[in-house]
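Observations on the three-dimensional arrangement
Chain by chain, the residues run as shown.
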Amino acid sequence: MEIPQTKKELRQLVRQWKRTHENELPALSDRLCQRVQADGLWRSAGTVLLYYPLPDEVDVRPLVRHALLLGKRVLLPVVVGDDLVLREYREGAVMQVDVFGISEPTGPDFTDYESVDFALVPGMAFDVHGRRVGRGKGYYDRLLPRLPRAYIMGICFPFQYFPSVPSEPHDILMDEVVAG
């Protein structure tokens, strides 16, 4: 199979594959969450950035619960204009649904970026070099440089992981990608 040469074409291909594999996504998500939980950097992290998933993304809500049980500080991103801000999530927190259908915590913004040890990042496609293709808005490419100490792990289903994906100079590399 030939890899699409543009991000737009790659996003279209991945969307099609996600629909094809729709019934497998929950089991694949569980397996990916188990792999993250086994990672030493995850286990040692005190402050973690996670996300509440869209229906077609890796469901990492079990990791949110796991992190809280371990006493980690859990941060979730919130879309504000053209940027992501971080908010702390605690059990029973009030959540609101944004324009993309994502549940987000309410409350004050979290700005102690230096304290973030670990960031788990979704994407449309990743490659073996740590490159990531997102949904096209650049939210994570603007957020991640503000987390100077964070180990950045991409997470995706196996059919989202490629030998190479299109990239641009502003794209932020992952330190590691967990796929499949």
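Preceding this paragraph is the structure being described.
Let us look at the structure shown here. This is a predicted model, so every value here is computed, not measured.

Criteria and thresholds
- Here the residue index of a chain counts from 1 through its sequence in written order.
- In view of the model being predicted, local features appear only for residues whose pLDDT reaches at least 70, and side-chain atom pairs are presented and counted only at 80 or more, with totals across whole chains, interfaces and linings using the full set of residues.
- Values reported for side chains reflect all heavy atoms of the structure, with hydrogen atoms and water molecules removed beforehand.
- With axes taken as lines fitted to C-alpha atoms, and helix axes fitted only over the stretch in contact, angles between N-to-C directions fall between 0 and 180 degrees.
- Numbering of helices and strands runs from the N terminus; a helix is a DSSP stretch of H or I covering at least four residues, while a strand is a stretch of E covering at least two.
- Angles are sorted into four bins: roughly parallel if under 35 degrees, roughly antiparallel if over 145, roughly perpendicular if 65 to 115, and oblique for all others.
- Crossings are assigned a handedness: left-handed for a near helix turned anticlockwise from the far helix by less than a right angle, right-handed for a clockwise turn.
- Here, two residues are considered to be in contact whenever any of their heavy atoms come within 4.5 Å of each other.
- Between rings of Phe, Tyr and Trp, where Trp is taken as its six-membered ring, a pair exists when centres lie within 6.5 Å; planes separated by under 30 degrees are stacked, by over 60 edge-to-face, and by other angles tilted.
- Geometrically, a charge over a ring is one whose NZ (Lys) or CZ (Arg) sits within 6 Å of the ring centre while staying within 35 degrees of the ring normal.
- The salt bridge definition used is simple: a Lys or Arg side-chain nitrogen within 4 Å of an Asp or Glu carboxyl oxygen.
- We call a residue buried when its accessible area falls under 20% of the maximum for its residue type, exposed when it is over 50%, and partly exposed in between, using a 1.4 Å probe and counting protein chains only.
- DSSP bridges decide pairing: two strands pair if at least two such bridges lie between them.

Running from amino to carboxyl end, helix α2 (residues 25–38) crosses helix α4 (residues 61–69) at an angle of 30 degrees, the nearest separation of the two axes being 9 Å. By the angle between their axes, α2 is roughly parallel relative to α4. When the axes of α2 and α4 are compared, the crossing they make is right-handed. Between α2, through Cys 33, Val 36 and Gln 37, and α4, the contact on the second element is made entirely by Pro 62, Leu 63 and His 66.

Summed over the entire model, instances satisfying the criterion amount to 5 aromatic pairs. Three or more aromatic residues joined by ring pairs make a cluster, and in this case those are Trp 42, Phe 118 and Tyr 151. In this structure, Lys 72 packs its charged tip against the face of Trp 42, placed 5.4 Å from the ring centre.

This paragraph deals with the pattern of salt bridges. Side-chain pairs of opposite charge can arise whenever the charged atoms involved come near each other. Counting across every chain of the model gives 12 salt bridges. Among the ionic pairs, Asp 56 bridges to Arg 135, the shortest N-O distance being 2.7 Å. Remark: Arg 135 occurs in the loop between β9 (132–133) and α5 (139–143) and Asp 56 occurs in the loop between β1 (47–49) and α4; sequence separation between them is 79 residues. Residue classification places Arg 135 among the partly exposed positions, given a relative accessible area of 34%.

Spatial strand order, β9-β8-β11: 3 strands in an open sheet with mixed pairing. Only two strands of the sheet have a single neighbouring strand rather than two, namely β9 and β11 (161–162). Alignment of strand β8 (residues 125–127) against β9, held across 2 bridges, turns out to be antiparallel. Bridge assignment links Phe 126 to a residue of β9, and that residue is Arg 132.

Limitation: the analysis is restricted to geometry and does not speak to function.
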